[in-house]
Amino acid sequence: MNDFLTFLLLSLFVVMSPGIDTALITKRTISDGRKDGYKMALGITTGSLIHTVAAAFGLSAILMQSALAFEIIKYIGAIYLIYLGASSFIKKGKVSKSHLGENGRKSPYTQGLLSNVLNPKVAMFFITFLPQFVNGSGNVTIQLMTMGFVYTVLSITWFFVYVFFINYLREWLMSAKVQRIMDKTTGLILIGFGLKLALEKR
């Protein structure tokens, strides 16, 4: 696996960046308690595992067959990371209450699972992100599965820590200033890594 430390660092920044998963967990934890927040986090990360399996078995066949396909996916992934980073600098409206409340009375695990599995942006992320760190000399499927598992572990660890402290730090975490700082910092990091991946020689 190529540059596993880079993969870990970038994954950690992606996991910690505010997004719809964080918004859903925040809302559920505040409204229904820490236990429901944990269940929603488990649902979301189960969705990540499903995307991992789909990406691993779908992409491994392509990447092992075609060097051109590998390069195309590499550049698409780099562009996508740059796009994610740039979008952090675009003023975003608040997530609508109707969206956050969607399926609000479903079990938190089910709501988290569905919000992740049915989100095409998450599928796109896994399809374009994981191949950036594949070593062509190794077993592609195993590498993709391993990275997806590591990403899922990072996600569930962060979400559990976030839920645990949210009752004590929720005003600070949800403040506009903190959200802006997290967005801008993550945006710069994603753009930097996207450029690095695009320019890197294989």
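Residues numbered from 1 in each chain as written. Predicted model: local features only at pLDDT ≥ 70, side-chain atom pairs only at ≥ 80, totals over all residues. Heavy atoms only, no water.

In terms of helices and strands, the chain carries nine helices and zero strands. Starting at the N terminus and walking to the C terminus, you meet the elements of the chain as α-α-α-α-α-α-α-α-α. Accessible surface, the chain: about 10800 Å² in total, of which carbon and sulfur atoms supply 70%. (Helix = DSSP H or I, 4+ residues; strand = E, 2+ residues; numbered from the N terminus. Areas by Shrake-Rupley, 256 points an atom, 1.4 Å probe, with all protein chains shown as cover.)

Before going further, it helps to examine the nonpolar core. Ranked by size, the top nonpolar core spans 31 residues in total, and within it Phe7 and Ile25 carry the most contacts. Elements supplying a minimum of two residues to this core: α1 (4–16), α2 (20–32), α3 (34–65), α7 (120–129) and α8 (140–173). The biggest single contributor to this core is α8, with 11 residues. Beyond its immediate stretch of four places on either side in the chain, Ile25 contacts Gly37, Met40, Ala41, Ile44, Phe159, Tyr162 and Val163. (Core = buried A, V, L, I, M, F, W, Y, C linked by side-chain atoms within 4.5 Å. Buried < 20%, exposed > 50% of the residue type's maximum accessible area, 1.4 Å probe, protein only. Contact = heavy atoms within 4.5 Å.)

This brings us to a nonpolar patch on the surface. A cluster of nonpolar side chains, contributed by Val161, Phe164, Phe165, Tyr168, Leu169 and Trp172, occupies part of the molecular surface with about 620 Å² of accessible area. Topologically, Tyr168 is positioned in helix α8. (Patch = residues over 30% accessible without salt bridge, like charges linked within 9 Å, V, L, I, M, F, W, Y side chains within 5 Å. Salt bridge = Lys/Arg side-chain N within 4 Å of Asp/Glu carboxyl O.)

With that out of the way, let us pick up the packing of aromatic side chains. Using the criterion set out here, one finds seven aromatic pairs in the structure. Ring centres 5.0 Å apart and planes at 85° place the aromatic pair Phe164 and Phe165 in the edge-to-face group. Relative accessible area serves as the criterion here: at 36%, Phe164 is assigned to the partly exposed category. (Phe/Tyr/Trp six-rings, centres within 6.5 Å; stacked < 30°, edge-to-face > 60°.)

The next subject is the packing of α2 against helix α6 (residues 108–117). Put simply, α2 and α6 touch, their axes get as near as 11 Å, and they point 165° apart. In terms of orientation, α2 lies roughly antiparallel with respect to α6. For the crossing formed where α2 meets α6, the hand is right-handed. Here α2 contributes Asp21, Leu24 and Arg28 to the contact with α6, which in turn contributes Pro108, Gln111, Ser115 and Asn116. Grouping the amino acids of the contact of α2 with α6 by side-chain chemistry returns two nonpolar, three polar and two charged. (Axes fitted to C-alpha atoms, helices over the stretch in contact; angles between N-to-C directions. Parallel < 35°, antiparallel > 145°, perpendicular 65-115°, else oblique. Left-handed = near helix turned anticlockwise from the far one by under 90°. Nonpolar A, V, L, I, M, F, W, Y, C, P; charged D, E, K, R; others polar.)

Another point: α1. Taking 1.5 Å per residue, 13 residues should reach 18 Å; α1 reaches 18 Å between its end C-alpha atoms and fits that length. Of all the positions in α1, only Thr6, Phe7, Leu10, Ser11, Val14 and Val15 are classed as buried. Viewed along the axis of α1, the buried residues span an arc of 160°, placing them on a single side of the element. (Expected span 1.5 Å × (residues − 1). Arc of directions from axis to C-beta.)

Assignment of secondary structure puts Ile25 in helix α2. For Ile25, a relative accessible area of 0% translates into the label buried. When the C-alpha atoms of Ile25 and Val163 are compared, they prove to be 7.5 Å apart, with 138 residues separating the residues in sequence.

Let us look at the confidence of the model for the chain. Scored by pLDDT, the chain has a mean of 76; 76% of the residues are at 70 or more. Summarising per-element confidence for the chain, the mean pLDDT is lowest in helix α5 (residues 97–100) (42) and highest in α6 (86). Here residues 93–104 is modelled with pLDDT under 50, and outside its nearest four sequence neighbours on either side it reaches 13 contacts, counting other chains as well. (pLDDT = per-residue confidence, 0-100.)

Right, let's talk about the environment of Val53 for a bit. With respect to the helices and strands, Val53 occurs in helix α3. Remark: the alpha-carbon pair of Val53 and Thr141, spanning 88 residues in sequence, is separated by 9.1 Å.

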